[in-house]
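Here is how the chains run, residue by residue.
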Amino acid sequence: QTASRPPAATDTNSRDVDAVVVGAGLSGLYLLHRLRRQGLTVRVFEAGDGVGGTWYWNRYPGARVDVKSMDYSYSFDPDLEQDWVWTEKYPPQEELLRYLEHVADRFDLYRDIRLETRVTEASWDDSTDRWHVRTDRGDQVTAQFLVMATGCLSAAKVPEVPGLETFRGRWYHTGHWPREGVDFSGRRVGVVGTGSSGVQAIPLIAEQATELTVFQRTPNFVLPARNHPIDPEHQRSVKARYGEVREAARQSAFGIAVPAPQKSALEASPEERESRFEQIWYDEDNNLVDMLTSYTDMITSREANDTAAQYVRDRIAEIVDDPEVAAMLQPTDHPFGTKRPCLGTNYYETFNLPHVRLVDVRRDPIVEITPTGLRTAAEDFEFDALVFATGFDAMTGALTAVDIRGRDGVLLREKWAAGPRTYLGLQVAGFPNLFTITGPGSPSVLSNMMTSIEQHVEWVGDAIGDLRACGLTTIEATVEAEDAWTRHVDEVGHTTLYPTANSWYMGDNVPGKPRVFMPYIGGVGPYRQRCTDVAACGYEGFVRS
Ligand code: N01
């Protein structure tokens, strides 16, 4: 055994463990490692037949991360950080999955992970202070702690259009892509959806398909990814000062170490702004958040924001040959960044190809899926394959999919009927010893997920460690702390432009979902400090007993 590999703490068949972790993605893997090192017995349940979470499920053509690999990687183990060699600025899904499988092997995680097992129910037992957890395979396990590491974007959504069951071709959702891949050669393909997944998949599907029709409901702002192989010298230099780079990310607004903006976009002259945006657009080393962090008021002032939005619209008009198609691709109904911006490679260029067609489904709505394709109000389309790049029931979907019952049998799903309520995105009042990694009310999807995941995993590990050190057994957010935090998340959200857009951040993509700004936009650094301070002040806002 090496220092980083503690002796086995878990009796793998025990029906009672210290902690059940749901999900073996980025969060679940680190949680297992961390809690086991603290001496806890842990059981992880994972629905997939492999580890990797997001990077296990999302195997669609072009799937790759849009935060740089050197930033989108674990920092908890200096040896891992130094040993792993990244190949590209934005590595593809296969490489990210290989990395996570390596992590699972390296830290001997598999022995405590039950694959192909979905947690269906978890209920809190007040008489024993334990969670009773059930799975679709009939497992029944009790645990002192339950940690939901189920991801923010994992409950895939197929649109509510009638007729899908009648379609005689093959259909796919980007978030459940077949492991063996799909060959679209010689096929007529329809793609619904133009968010990050669609933007990545469309240019590659267009390379194979004989005809590609893209159904767009809302045009998105797509910045050039400028992906490229990593220069080994650059990789060495980042690794040499990794500690500093990671710390800057932890203190930053979005979990990525970029310089903080210094002035308002409206204080800059038009020429100065143009040159700044130009530099971001063409820079090989640019980041997803560069446009948002270029000036102080990009997400708070419509006028400031529109300077960036117009810059992108102008580039679209330059790239796309047909002015009518260009106009359809230019977002005008939401401020830049209020729906998640996308990074693309040849995205706009793809619409210049003769076999690619764009259909605006706001003007011509999809009416039904037919046995041979898809019908809009105005036209019948014939397809051999349909691809739904239609996103996820974000942030709450994977949590409410499980029957989680807290004190007095209260269902989490019912408690959240009017929108999620949490304290710090970490805990829910009435659900003792339940933790949500990157839960609603935390920076999560507005940040580099790796930075936020590590912060949450470490906070939860410390909270459990501190509880045990004090000889206590339960920790639970108070209703007052939860109310105050939920109000704060909403108030801060409403100081920005985010709520002005229809987005999955607001629950708009799921019919009937309450319209609430779910993530916390107070900034990764300040949020982290708040969590640290709460713990330092004796877990203020939590009852520990
Ligand atoms: O999903 P989305 P996604 N009829 O919800 C449209 C992360 N991610 O899988 O905008 C017609 O963004 C919908 O239209 P509208 C990232 O955080 C990261 O692409 O709702 N259209 C939209 O165009 C991202 O934001 C990476 O009007 C319908 C699209 O489908 C998040 O995951 C890669 C429709 C859905 O876009 C989700 O991205 C991929 C309907 N009934 C994902 N329903 C990277 O790191 C939905 N749409 C690069």
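Residues numbered from 1 in each chain as written. Predicted model: local features only at pLDDT ≥ 70, side-chain atom pairs only at ≥ 80, totals over all residues. Heavy atoms only, no water.

Q: Is there a simple way to explain the overall build of the chain in this structure?
A: Looking only at helices and strands, one finds 16 helices and 20 strands in the chain. At 23 Å, the chain has a C-alpha radius of gyration in line with the 24 Å of a compact globule built from 545 residues. With the C-alpha coordinates aligned to their principal axes, the bounding extent of the chain is approximately 70 × 55 × 45 Å. When burial is assessed residue by residue, the chain has 58% of its 545 residues classed as buried. Sequence-distant contacts in the chain: of pairs separated by 6 or more residues, those separated by 24 or more amount to 72%. Carbon and sulfur atoms make up 48% of the accessible area of the chain, which amounts to about 21700 Å² in all. The chain carries 55 positive and 78 negative side-chain charges, and their two centres are separated by 3 Å. (Helix = DSSP H or I, 4+ residues; strand = E, 2+ residues; numbered from the N terminus. Rg over C-alpha atoms; globule rule 2.2 N^0.38 Å. Buried < 20%, exposed > 50% of the residue type's maximum accessible area, 1.4 Å probe, protein only. Contact = heavy atoms within 4.5 Å. Areas by Shrake-Rupley, 256 points an atom, 1.4 Å probe, with all protein chains shown as cover. Lys, Arg positive; Asp, Glu negative; His and termini not counted. Charge placed at Lys NZ, Arg CZ, Asp CG, Glu CD.)

Q: Can you help me understand unusual backbone geometry in this one?
A: Across the chain, the bulk of peptide bonds are trans and the bulk of non-glycine residues have phi less than zero. Despite not being glycine, arginine 226 shows a phi value in the positive range, around 50°. If you trace the backbone, arginine 226 turns up in the loop between strand E10 (222–224) and helix H6 (232–240). Taking relative accessible area as the criterion, arginine 226 reaches 22% and is therefore assigned partly exposed. Of note in the backbone geometry, leucine 424 takes a positive phi value of approximately 65° without being a glycine.

Q: Hey, could you run me through the pairing of strand E9 (residues 211–216) in this one?
A: Looking down a regular strand, the side chains alternate between one sheet face and the other. Burial analysis of E9 places 5 of its 6 residues in the buried class, which makes it a mostly covered element. The sheet contact formed by strand E8 (residues 188–192) and E9 spans 5 bridges and is parallel. Residue pairing for E9: valine 192 is matched across the bridge by phenylalanine 215. Once the chain exits E8 it traverses helix H5 (residues 196–208) before rejoining the sheet at E9, and the crossover so formed is right-handed. Here 5 bridges tie E9 to strand E12 (residues 356–360), and the two strands are oriented parallel to one another. Looking at the pairing, glutamine 216 lines up with aspartate 360 of E12. (Pairing = 2+ DSSP bridges. Right-handed = clockwise from strand over helix to strand, strands pointing away.)

Q: What should I look at first to understand helix H14 (residues 449–469) in this one?
A: Every α-helix carries 3.6 residues per turn, so stepping three or four residues along brings you back to the same face. The end-to-end C-alpha distance of H14 is 30 Å, a good match for the 30 Å that 21 residues give at a rise of 1.5 Å each. The buried count for H14 comes to 15 of 21 residues, which makes it a mostly enclosed element. (Expected span 1.5 Å × (residues − 1).)

Q: How do you make sense of the pattern of salt bridges when you look at a structure like this?
A: In a structure, side chains of opposite charge can pair up when their charged atoms sit close to one another. All chains considered together, the criterion is met by 32 salt bridges. The salt bridge partner of aspartate 285 is lysine 68, with a shortest N-O separation of 3.2 Å. Here aspartate 285 is found in the loop between helix H8 (270–282) and helix H9 (302–319), whereas its partner lysine 68 is found in the loop between helix H2 (54–57) and helix H3 (78–83), with 217 residues between them in sequence. Between arginine 515 and aspartate 508 there is a salt bridge, with its nearest N and O atoms 2.8 Å apart. (Salt bridge = Lys/Arg side-chain N within 4 Å of Asp/Glu carboxyl O.)

Q: Help me understand the sheet that holds strand E15 (residues 380–382), please; the structure alone is not making it clear to me.
A: The pairing of strands in a sheet comes from backbone hydrogen bonds and takes either a parallel or an antiparallel form. Strand order in the open sheet formed by 3 strands is E13-E14-E15, with antiparallel pairing between adjacent strands. Each having just a single partner strand, strand E13 (366–370) and E15 make up the two edges of the open sheet. Between one strand axis and the next, the sheet turns by 20° as a mean value, whatever way the strands run. In the sheet, E13 pairs with strand E14 (residues 373–376) via 4 bridges, with the strands oriented antiparallel. Within E14, the position partnered with isoleucine 369 by the bridge is leucine 374. (Axes fitted to C-alpha atoms, helices over the stretch in contact; angles between N-to-C directions.)

Q: Any chance you could explain a negative patch on the surface here in plain terms?
A: On the surface, Glu271, Glu274, Glu278 and Asp314 cluster together into a negatively charged patch. Counting residues per element, the negative patch draws most heavily on H8, which supplies 3 residues. Looking at the element boundaries, aspartate 314 is found in helix H9. Taking the relative accessible area as the measure of exposure, aspartate 314 reaches 34% and is therefore partly exposed. (Patch = residues over 30% accessible without salt bridge, like charges linked within 9 Å, V, L, I, M, F, W, Y side chains within 5 Å.)

Q: Help me out: how do you make sense of H8 in this one?
A: With 13 residues, H8 ought to run about 18 Å at 1.5 Å a step, and its terminal C-alpha atoms sit 18 Å apart, in line with that. Within H8, burial applies to Arg273, Phe277, Ile280 and Trp281. Take H8 and look down its axis: the buried residues cluster within an arc of 100°, on one side only. The inward-facing, buried residues of H8 contact E10 and H9. (Arc of directions from axis to C-beta.)

Q: I keep staring at the packing of H8 against H9 and nothing clicks. Help me out?
A: When two helices pack together, their arrangement is captured by the angle between the axes and the distance separating the axes. Remark: H8 packs on H9, axes separated minimally by 11 Å, with the N-to-C direction vectors making an angle of 55°. Considering their axes alone, H8 and H9 lie oblique with respect to each other. Considering only the axes of H8 and H9, their crossing is right-handed. Residue-level inspection shows Arg273, Glu274, Phe277, Glu278, Trp281 and Tyr282 of H8 in contact with H9, the latter providing Thr307, Ala308, Tyr311, Val312, Arg315 and Ile319. Residue composition of the contact of H8 with H9, grouped by class: 7 nonpolar, 1 polar and 4 charged. (Parallel < 35°, antiparallel > 145°, perpendicular 65-115°, else oblique. Left-handed = near helix turned anticlockwise from the far one by under 90°. Nonpolar A, V, L, I, M, F, W, Y, C, P; charged D, E, K, R; others polar.)

Q: Is there a simple way to explain the packing of aromatic side chains in this structure?
A: Given two aromatic rings, one states the distance between the centres and the angle between the planes to describe the pair. Evaluated as defined, the whole model comprises 36 aromatic pairs. Consider the rings of tryptophan 485 and tyrosine 527, whose centres lie 6.1 Å apart with planes at 55°: the pair is tilted. Pair noted here: tryptophan 485 is in helix H15 (residues 479–493) and tyrosine 527 is in helix H16 (residues 524–536), with a separation of 42 residues, a long-range link. By relative accessible area, tryptophan 485 is classed as buried at 2%. Between tyrosine 505 and phenylalanine 517, the aromatic rings sit 6.3 Å apart at their centres with planes inclined by 80°, giving edge-to-face as the arrangement. Taken together, the positions of tyrosine 505 in the loop between H15 and H16 and phenylalanine 517 in the loop between H15 and H16 put the pair 12 residues apart, joining distant regions of the chain. Considered together, tyrosine 505 and phenylalanine 517 belong to a single accessibility category, that of buried residues. Over the ring of tyrosine 56 we find arginine 59; its NZ or CZ atom is 4.8 Å from the centre of that ring. Here arginine 315 stacks its cationic end above the ring of tyrosine 311, 4.4 Å away from the centre of that ring. (Phe/Tyr/Trp six-rings, centres within 6.5 Å; stacked < 30°, edge-to-face > 60°. Lys NZ or Arg CZ within 6 Å of the ring centre and 35° of its normal.)

Q: Before we go on, may I ask you to explain the site of the ligand in this structure?
A: The local shell around the ligand holds 23 residues, among which Ser197, Arg217, Thr218, Lys339 and Arg340 are the closest. A distance of 2.8 Å separates an oxygen atom of the ligand from a polar atom in the side chain of arginine 217. Within the backbone of alanine 389, one N or O atom sits 3.3 Å away from an oxygen atom of the ligand. Sorting elements by how many residues they give to the shell around the ligand places H5 first, with 3 residues. Within the shell around the ligand, the residues separate by chemical class into 8 nonpolar, 9 polar and 6 charged. (Near = heavy atom within 4 Å. Polar contact = N/O pair within 3.5 Å; in protein donor to acceptor, adjacent residues only side chain to side chain.)

Q: So what exactly am I meant to see when it comes to the nonpolar core here?
A: Here is a general trend for soluble globular proteins: nonpolar side chains tend to be buried in one another's company. In terms of nonpolar packing, the biggest core is built from 134 residues, with Tyr74 and Trp459 touching the most fellow members. Of the residues forming this core, the biggest block, 9 residues, is contributed by H14. The residues contacting tryptophan 459, other than those within four sequence positions of it, are Leu426, Phe435, Cys531, Thr532, Ala535, Tyr539 and Phe542. Ranked by size, the runner-up nonpolar core spans 21 residues in total, among them Val20, Phe45, Leu146 and Val402. (Core = buried A, V, L, I, M, F, W, Y, C linked by side-chain atoms within 4.5 Å.)

Read these as spatial facts, not as claims about activity.
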